[in-house]
Amino acid sequence: MLLTATLLLGCAPAAMPAQQTTILRPDAIVAEDGSLQEGMAVVIKDGKIVEVAASPKATGTEVQLSGVLAPGMVDSFTGRGADRFLTEQSEAATPDLLAVDGLDLDHPAWQAMLERGVTTVHITPDPTNVLSGWGTVVSVAGDSRKERVLKQTSLPIASLLQSSVSDNRIGPTSMAGAIERLNQSIAKLGIESLDNSAWFFVENSEGVSAAKEIMSTAKTHQFRMVLWGDVADYGGAAAGQLVGIPTFGNGAVARNVETWKRMAKAGTSFAFGSRGGSGEWSSLRISAMTLSRFIGNPGAAWAAVSSNPAKMLGMDDQIGSLKAGQRADLVLWSAHPLDASAAVQSVLIGGNTVYRAPAPEDKQ
Amino acid sequence: MLAAVCSLFILFSSHVQAQDSGYSRTYVIQADGAWVAPGVHITPAFVKVSAGEIVWVSSTDQRQERTSLLGKKSKDPLIKVKGTLAPGLVDAWTTMMPTGYSGDRNTRSTRAVSDSLPMQVANEDESLVSQVLAARQAGVAAVFMSAGRNGWQRGVGTAAEFTKLDLPQAVGEGVLEFAVGAQANGGLDRTYIIDEVEAVFSEANGWRDSWDDFDEAKEKYAKDLEKYEEKLKEYIEEKKKFDEEAEKAGAQKEGDKKKEPKAPKRPKVPMEPQTSAARDLILGAIDGKYLVRVHADSVGDIRRIIALKKEYGLDLVIIGGGSADLLADDLRKASIGVVLPLGGDLHAAPNAERSLAKRFSTLVDGGVDVALASSGAEGLHMLMLTRAGELVAAGCDKNKVWDSLTIVPARLLGLDGYGSLHRGKSATMVLFEGTSPFDASAPMKAHKPK
Amino acid sequence: MILVSALTLLCAAAPAAQEPMTLAVDRLYVGDGEVMENAVVILADGKIVSVAPGIASDDATHVAGATLTPGLVDGFSFMGVGGATLEESREVTASLQLAHLADLDSPSFQNALDMGVTSAYLSPDSLNVIGGIGAFVKTSGGTPANLFADNAARVLNPRAGLKVTLGGDPSRGNYTPGGQFTTSFNARRPNTRMGTVWIVRRDFYRAHDYMKALEQGLPVYDADLEVLASALRGEIPIRVQARRSHDVETALRLQKELGWPNMILEEATESHALAKQLVEAKVPVVCGPAYDSLRRSVATGPTSAELHALASPAQVCCEELHDHDGGDNHFTEETGAFQLNQFSLDMLFVLAPRYSSAYGFAAGRRTEGRGSTPAMPALLQAGGVNLSLGGAESHDQALTESSLIHQARSAVRWGMAPADAIASITSRPAELCGMGDQLGQIAVGYDADLVLWSGDPLAADSKPLLVILDGAIVVDNRPQE
């Protein structure tokens, strides 16, 4: 039964022109709050979701799917999919560095992402300079570069990770120096060019307050924090905010279970990025599962790999959830994606089937 | 496979905990269901817990009314919970250690980790408590604590359960640990370490034989001593005679002197065979006092370990087992269990051609006892269920994966009190709300007995 | 043979009014894609004065079965580049002018000449992000070069292109200081692709500012920015070396962003999927040699004649290759190619290190040609791209098996039309170097740079019989009467 369903999804949308209306009827969908909703249909047309309803108004080809349909996962910040490294340390501030220039769309990592249900990634220069440059938002699969690069330059990446930005040769050598250089380079960059947000990689409460101070001079502009290192150090700085966090590696993550719980209770919401994690692609999902166990809130954990990263990127109108108007980046799972025993059955990007899991006997 | 309604009492051998874990209360938990044992699922579930142990499990409320001396009628308190109860996980391979304990630098360690466990006193070892809390949070009820990471004979590790104060407490038999091949670190060429392990076993056996020789020598010595004493008496008399004659003949010529009698030699005291702490451990293993656990990956090493087990009749488990799947049949025949690590990179398994899922299935289908362990501490317990779940996603049998996290490791560690929900088993359980404990889309809680 | 040609070179080198020369040929590639049968070409004073249909007369030079082509134009080479021209202390050396520095006495030029190359674009090396200004030169002629020689006669265009390098080359060997104290300049320059692009962008933005400052009459001068400004004004084409597909895409993006009026892509090893964009952006491409794995290009590459040529300088000959273990070298009539066994391949690499380099065996090349195919020139041509071929380092060794004509033959073997292949090594590269109206074609008024081939130039077994440069015979391999 499973096999036929896979075949159905596999063949049907691919065989149909993208302009046609297709009504996908999975066993269940993953709603934005992370819960499963049964009996819902997802209507896609022109590579977009046009309707999500139990009995949609649209007419078109109906496709029955056996499994759980979820939006593709979004990786908030990563370095994979780019050529070699994104660590350019020739100067303390490299505001003109564009991750899109290091982008390698033929990289084998893209396939790995696809197989793990990730459909959009935000590639950023490494936060090793006070102002590292600009990130780029890329769709994991697509026919052309034009289709793949969703946002050529997303937003600037600032860093107050003292250990990373310190450099005995060209400076800075201290947090004070880092803040000074960052101030200078932001002034040079022209705050107007910051669109409306910037990301700050911070690793302690000093970093958080410095970042707030720097951005307060910009008045109208927002900023987002990516919390690096030991979360226990941040105090209440992240309360009520949406923050980026690296995926959990194999190290000491559980030590801070209580901190995670406290942060969740204080209204902090999270968006995972796979840079700084174990590097494994599945770590995005594994981290969400782990977070779910930590804070006992599967909905918040699912949001950390879907709608929250989209919000962090200011792209929640395009990606990260099953809503009308969003890109039809969909993943069919055999069960809820936070169920570790669920496997990816197939992946649609922009409404096209771009991945189909091998038949069960080929697995293992 | 699905919930077989089971209204009977499930009563099994009672295991009496040797030590007091500090749990004292008696209560009954009512849950939506319970995974009692492999293939035995009941709905709903009532579990009576007393002093940290399960008293009974049933799908109906078996509480009995008691009448107190004052005539008051009462029942055990009932706690209603949402979700399905399951036995706590047994993590057969962790790096959990008491603070400050770092094992032994020697290549042959004799240390026992159980000697270094903290006293059961609150705040005794905060760091260790946080590790236990992390394990508890991840649904783990018992762990294996290793004696060290140095050398190739690594000392005596122990299985441990968690007490009311969230400290580990040794339980079960001691486990003599070895590491061979690439896993060892002890100055020797690593490929020869298996030779060294074989050598210490045969030396220990040889040493035991040397006691028989010693006994013989001792008997002989006793006889020789008797003889010696007789001879000594004779000698003394002869000597006396000789001296007298010599005195008489004092004036006589030197050449006429009689030969002086020789004193008899005293027989040597036989030496006792020397004892050594490292050897004592080996002898303990040969006598079945310790379980043996060998960290080995290569086919060559595993083959020789199977032979070692057969020769000395050891109770033996292989951990790591990178190539164990290639010898599944041999391992089954020798009834050697394997502990596979879930840590590290699942997709880049030690042998990339055979994924962990493939190796797991081969071993399990081949009838080998396989435990899946975190092989780390802290966060890795948390990843155990999710990583094991990935094996299910990769096509492994869900029930077998579950068994490998519960009943099989309990069996391999000799922990009678873990792995299923039966009378006398630990009441440190998992309560999950989703379709299985692998499902993180629904809450999961660990039940700590009161 | 080499001695003979050297002698002829010496004789011919004297600049003097030459006797008109008449060549009667059975077949002639004009260079612009046209082919003529039975033509008579008259040369005088270093120029072509007449091209007309006709047959051999008594005073005409004629070799039966021979084909005439324009002198080959190498669209992208590193002849005479090295040593003095490799300035590594800065990432941008835009004002470095190769015309002043290239070693025009380098033996590479004679190697090229022997294989019919009469003019070439000399590219600055790819070690720097902006490497300097390339020159377009004749491979021989002018006054004999010596310490006091004036190279001017050979340098036709001293500002033929500004070299910009994307990809891995400029950051190779560079590293991040990582908090360590160091005085090495390698710890400073870009160490990622991204950083390389950043430097390009940085300097061209500076150049834009510089131009504004100049307009406002501010007293500014910067030698490097002068060059960039002149490139931005369209006076010097910007030649971007980009191999990986994403480097090619980056180049197109930079062109748009920085307003490069005249961009040429070099190497473009993986650009075949991007033909459409290249055509839209009107970007010509000069391909380097096909960088491919050993087995696909070398193993099916060298033909019998090439193999002979390859083996002849050393003591090992093809027959001997057969004698060794695993002697399964076999010749396929259909493809005209040798299938070599491992031993022979090893021998190839002992004998011809440059051969291997030309086929992508130098580490840098290989890592930057993941999706490369020898069919790339044909694919670009089919996609409508203005395509030229370049020999890169192929002439820098005495072995000529990877020379420019070989690139054209390889392109034809992988599907390119012969006339296009000839155009891509004659008129098109001449055009790119601003010399399209002076050389690269057999037409009246053009330089009398010609090559007479023993057969079809694209046939693997034909070789240059005569190489004529500025009307003088510089290589003469005609069979001795």
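Residues numbered from 1 in each chain as written. Chains lettered and ligands numbered in written order. Predicted model: local features only at pLDDT ≥ 70, side-chain atom pairs only at ≥ 80, totals over all residues. Heavy atoms only, no water.

## Some thoughts on the side chain of R201 of chain C
Along the chain, the position of R201 of chain C falls in helix α4 (residues 193–215). Of the residues examined, R201 of chain C reaches a relative accessible area of 4% and is grouped as buried. R201 of chain C has contacts with D96, L98 and D101 of chain A together with L254, E257 and L258 of chain C, leaving out every residue within four places of it along the chain. (Helix = DSSP H or I, 4+ residues; strand = E, 2+ residues; numbered from the N terminus. Buried < 20%, exposed > 50% of the residue type's maximum accessible area, 1.4 Å probe, protein only. Contact = heavy atoms within 4.5 Å.)

## Here's the deal with the nonpolar core
Within the largest apolar cluster, 269 residues are counted, with the highest numbers of intra-cluster contacts made by F200 of chain A together with F204 of chain C. Once residues within four sequence positions are removed from consideration, F200 of chain A is found in contact with A158, L160, L182, I186, A211, I214, M215, F223, R224, M225 and V226 of chain A. (Core = buried A, V, L, I, M, F, W, Y, C linked by side-chain atoms within 4.5 Å.)

## A few points about a positive patch on the surface
All names here are of chain B. A grouping of K259, K262, K265 and K268 is seen on the molecular surface, where their side chains present a positively charged patch. Looking at the secondary structure, you find K262 in the loop between α2 (193–248) and α3 (277–286). Owing to a relative accessible area of 77%, K262 belongs among the exposed residues under this scheme. (Patch = residues over 30% accessible without salt bridge, like charges linked within 9 Å, V, L, I, M, F, W, Y side chains within 5 Å. Areas by Shrake-Rupley, 256 points an atom, 1.4 Å probe, with all protein chains shown as cover. Salt bridge = Lys/Arg side-chain N within 4 Å of Asp/Glu carboxyl O. Lys, Arg positive; Asp, Glu negative; His and termini not counted. Charge placed at Lys NZ, Arg CZ, Asp CG, Glu CD.)

## Looking at the confidence of the model for chain A
As a note on interpretation, predicted positions should not be read in detail where pLDDT is low. Residue and element names in this part refer to chain A. Of all residues in chain A, 83% have pLDDT values of 70 or greater, and the mean over the chain is 82. Per-element confidence in chain A is highest for strand β16 (residues 330–333), whose mean pLDDT is 97, and lowest for helix α1 (residues 2–15), whose mean pLDDT is 39. Note that pLDDT drops below 50 for residues 1–17; the model gives that stretch 29 contacts with residues more than four away or on any other chain. (pLDDT = per-residue confidence, 0-100.)

## A word on unusual backbone geometry
All names here are of chain B. Here the residue pair T43 and P44 is connected by a cis peptide bond, since its omega of -20° sits within 30 degrees of zero. Mapped onto the elements, P44 comes out in the loop between β3 (40–42) and β4 (45–50). Non-glycine residue A51 carries a positive phi angle of around 50°. The class for A51 is partly exposed, based on a relative accessible area of 39%.

## A word on the sheet that holds strand β11 (residues 285–287) of chain C
Residue and element names in this part refer to chain C. Reading across from one edge, β5-β6-β7-β8-β9-β10-β11-β14 is the order of the eight strands in this open sheet, with mixed pairing throughout. Looking at the sheet topology across the chains shown, the edges are occupied by β5 (72–77) and β14 (387–389). Between one strand axis and the next, the sheet turns through 25° on average, direction left out of account. Sheet analysis places strand β6 (residues 117–122) next to strand β7 (residues 130–138), joined by four bridges and oriented antiparallel. Paired with A120 across the two strands is V137, which belongs to β7. Against the sheet, helix α5 (residues 223–232) makes contact with β7, β8 (155–165) and β9 (238–242), and its axis sits at roughly 95° relative to β8, the strand it touches most. (Pairing = 2+ DSSP bridges. Axes fitted to C-alpha atoms, helices over the stretch in contact; angles between N-to-C directions.)

## Considerations on the pairing of strand β3 (residues 41–45) of chain A
Residue and element names in this part refer to chain A. Along β3, four of the five residues are buried, which leaves the element largely enclosed by surrounding structure. Two strands pair when backbone bridges link them, and strand β1 (residues 22–30) and β3 are joined in this way by three bridges, in the antiparallel orientation. Counted as the bridge partner of I23 is V43 from β3. When β3 meets strand β4 (residues 48–53), the two strands line up antiparallel, connected through five bridges.

## Quick look at the pattern of salt bridges
Proximity of charged atoms lets side chains of opposite charge pair with each other. Considering all chains together, one arrives at 43 salt bridges over all chains under this definition. Across the salt bridge formed by D224 of chain B and K220 of chain B, the nearest N and O atoms sit 3.7 Å from each other. Highlighted residues: D224 of chain B and K220 of chain B, both in helix α2, separated by four residues, approximately one helical turn. D224 of chain B gets classed as partly exposed once you look at its relative accessible area, which sits at 23%. R239 of chain C serves as the salt-bridge partner of E266 of chain C, at 3.0 Å between the closest nitrogen and oxygen. With E266 of chain C in strand β10 (residues 263–267) and R239 of chain C in strand β9, this pair connects stretches of sequence that are 27 residues apart.

## Concerning the packing of aromatic side chains
Tallying each qualifying case throughout the model produces 15 aromatic pairs over all chains. An angle of 70° between the planes, with centres 5.1 Å apart, marks the rings of F76 of chain C and F78 of chain C as edge-to-face. You'll find F76 of chain C and F78 of chain C in the same group, each marked buried. Against the face of F144 of chain B rests R293 of chain B, its NZ or CZ located 3.6 Å from the ring centre. (Phe/Tyr/Trp six-rings, centres within 6.5 Å; stacked < 30°, edge-to-face > 60°. Lys NZ or Arg CZ within 6 Å of the ring centre and 35° of its normal.)

## Comments concerning the sheet that holds strand β9 (residues 136–139) of chain A
All names here are of chain A. Ordered by their spatial adjacency, four strands build an open sheet running β6-β7-β9-β10, and the pairing between neighbours is mixed. Strands at the two margins of the open sheet, each flanked by one partner only, are β6 (73–78) and β10 (149–151). Within the sheet, the average angular offset between the axes of one strand and its neighbour, ignoring direction, is 25°. Bridge count for β6 against strand β7 (residues 118–123) is four bridges, and the pairing is parallel. Paired with T78 across the two strands is I123, which belongs to β7.

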